[in-house]
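Coordinate analysis (summary)
This is what each chain is made of:
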Amino acid sequence: MSAAVTAPVASNSGAASRSASTARRYGTFAARRTGQALVVIVLCYVLVFLVLAAIPGDPISAQLDNPEAGYSDAEKAQIRSFYGLDRPVLLQLLISLGNALQGRLGISLSTSQAVTEMITTAIPSTLALAATALVLAVLLAALLGLLSQRLPQGRLNSLVRSLPTLFLSTPNFLIGLVLIQVLAVQLGAFSLVDSESVGSTLVASLTLAIPVSAQIAQVFITALDESAGQDYAEVALARGLPPTQVVLRHLLRPSLLPTVTVVGLVIGEVLGGSLITETIFGRAGIGTLVQKAVAAQDVPVLLVTVVLSAAVFVVVNLVIDLLYPLLDPRLRGAEAAR
């Protein structure tokens, strides 16, 4: 009797020990990947700063050297000192990086506003647009992928499979103009005047989501097709499991890894496409801020917006890397062993 009781206890203890060891390995892996992501963001800040510093001219120098401005040499020196233009580039970099780590992002050269204030004002609009667009893109891609498996072979199935190619080949601005003409002008579904309304945000997000969903859908459909050709899928069908359950229980999970990877990669396209989309719909977001900063050679604003976009891309890919071992337990040991 004692041996019979001891065996299950020892088995449970071993399982708990393995679970704790796996959790520790995953924690080490997560900490290492997070540290690498932080290093990448800092290096990105350094690289962008050096590239922008190499660009000749800036609004401050152009304004100071204008004879009509009437600045004296002492006033010019004082203003250049205030903006740090009289220091070596490497010293400017160290000061700028130190200030950024403390949350001080500098002053706009063209508007004399704090860059933090400008970013805080513009970022909610862009976040609403980008987040909604990404959700719509994932939902649209998932719908196309599931329809490609459930619809019988024929013209309708071929049409569904060809839609990602059509979406990808259609310019973003053309999609936006068509949606504005149909939904705003003809149907009156949303107002062109209030660019931040829910209706306008949804349509703008759909404009951005349609081409982005194409890449996700293509990879998802391919992954589902590969999973459907595996022995376990054929065995499940042979045992009489309904096709819908075969897709959801046997095809969906192995198809998520490549799909999640593509979702991380298209984040950059979402951020880049926001510039065109915000211009089409008259939204005052980060894209519009970048456009004005480029026109005015506003280096502090450009530095922060570019690094912020890169940081978002890095963080999203970090989250995806951390999700890999959770989606596929076979990867936990491999990732932790790196």
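About the thresholds
- Residues numbered from 1 in each chain as written.
- Predicted model: local features only at pLDDT ≥ 70, side-chain atom pairs only at ≥ 80, totals over all residues.
- Heavy atoms only, no water.
- UniProt positions renumbered as here; feature names shortened; annotations may be inferred.
- Helix = DSSP H or I, 4+ residues; strand = E, 2+ residues; numbered from the N terminus.
- Contact = heavy atoms within 4.5 Å.
- Expected span 1.5 Å × (residues − 1).
- Bend = angle between axes of the 7 residues up to and from the residue.
- Buried < 20%, exposed > 50% of the residue type's maximum accessible area, 1.4 Å probe, protein only.
- Salt bridge = Lys/Arg side-chain N within 4 Å of Asp/Glu carboxyl O.

Under an unreviewed UniProt entry, the name given to the chain is Peptide/nickel transport system permease protein, and the organism recorded is Brachybacterium sacelli. Under the UniProt heading Subcellular location (unreviewed entry), the entry covering the chain gives this text: "Cell membrane". Annotation of the chain in UniProt includes, under Sequence similarities (unreviewed entry), the sentence "Belongs to the binding-protein-dependent transport system permease family."

Glancing now at the side chain of Gln 149. Position of Gln 149 relative to the elements: it lies in helix H5 (residues 115-150). Excluding residues that lie within four positions of it along the chain, Gln 149 makes contacts with Arg 161, Ile 221, Leu 224, Asp 225, Ala 228, Val 247 and Leu 251.

Residues annotated in UniProt with the feature "transmembrane region" (unreviewed entry) correspond here to residues 35-55, 127-146, 166-190, 256-281 and 301-324. Annotated as residues 301-324, this span is 100% helix and 0% strand, and its ends, taken at the C-alpha atoms, are 35 Å apart.

This part takes up helix H8 (residues 198-228). Along its 31 residues, H8 runs just 39 Å from first to last C-alpha, ending more than 12% under the 45 Å computed at 1.5 Å per residue. The sharpest bend along H8 comes to roughly 35 degrees, located at Ile 210, with the proline Pro 211 sitting one to four residues further on.

Mapped onto the secondary structure, Thr 277 falls in helix H11 (residues 267-281). Taking relative accessible area as the criterion, Thr 277 reaches 0% and is therefore assigned buried. Beyond its immediate sequence surroundings of up to four residues, Thr 277 is in contact with Leu 129, Asn 172, Ala 204 and Leu 208.

A few words now on the pattern of salt bridges. Following the criterion strictly, the structure yields two salt bridges and no others. A salt bridge links Asp 321 to Arg 33, with the nearest nitrogen and oxygen atoms 2.3 Å apart. One end of the pair, Asp 321, is in helix H13 (residues 299-327); the other, Arg 33, is in helix H1 (residues 2-53), and 288 residues separate them in sequence. A salt bridge links Arg 161 to Asp 225, with the shortest nitrogen-to-oxygen separation between them at 2.8 Å. You can see Arg 161 sitting in helix H6 (residues 155-169) and its partner Asp 225 sitting in helix H8, a full 64 residues away along the chain. Judged by its relative accessible area of 28%, Arg 161 falls in the partly exposed class. Accessibility expressed as a relative area gives 31% for Asp 225, which makes it partly exposed.

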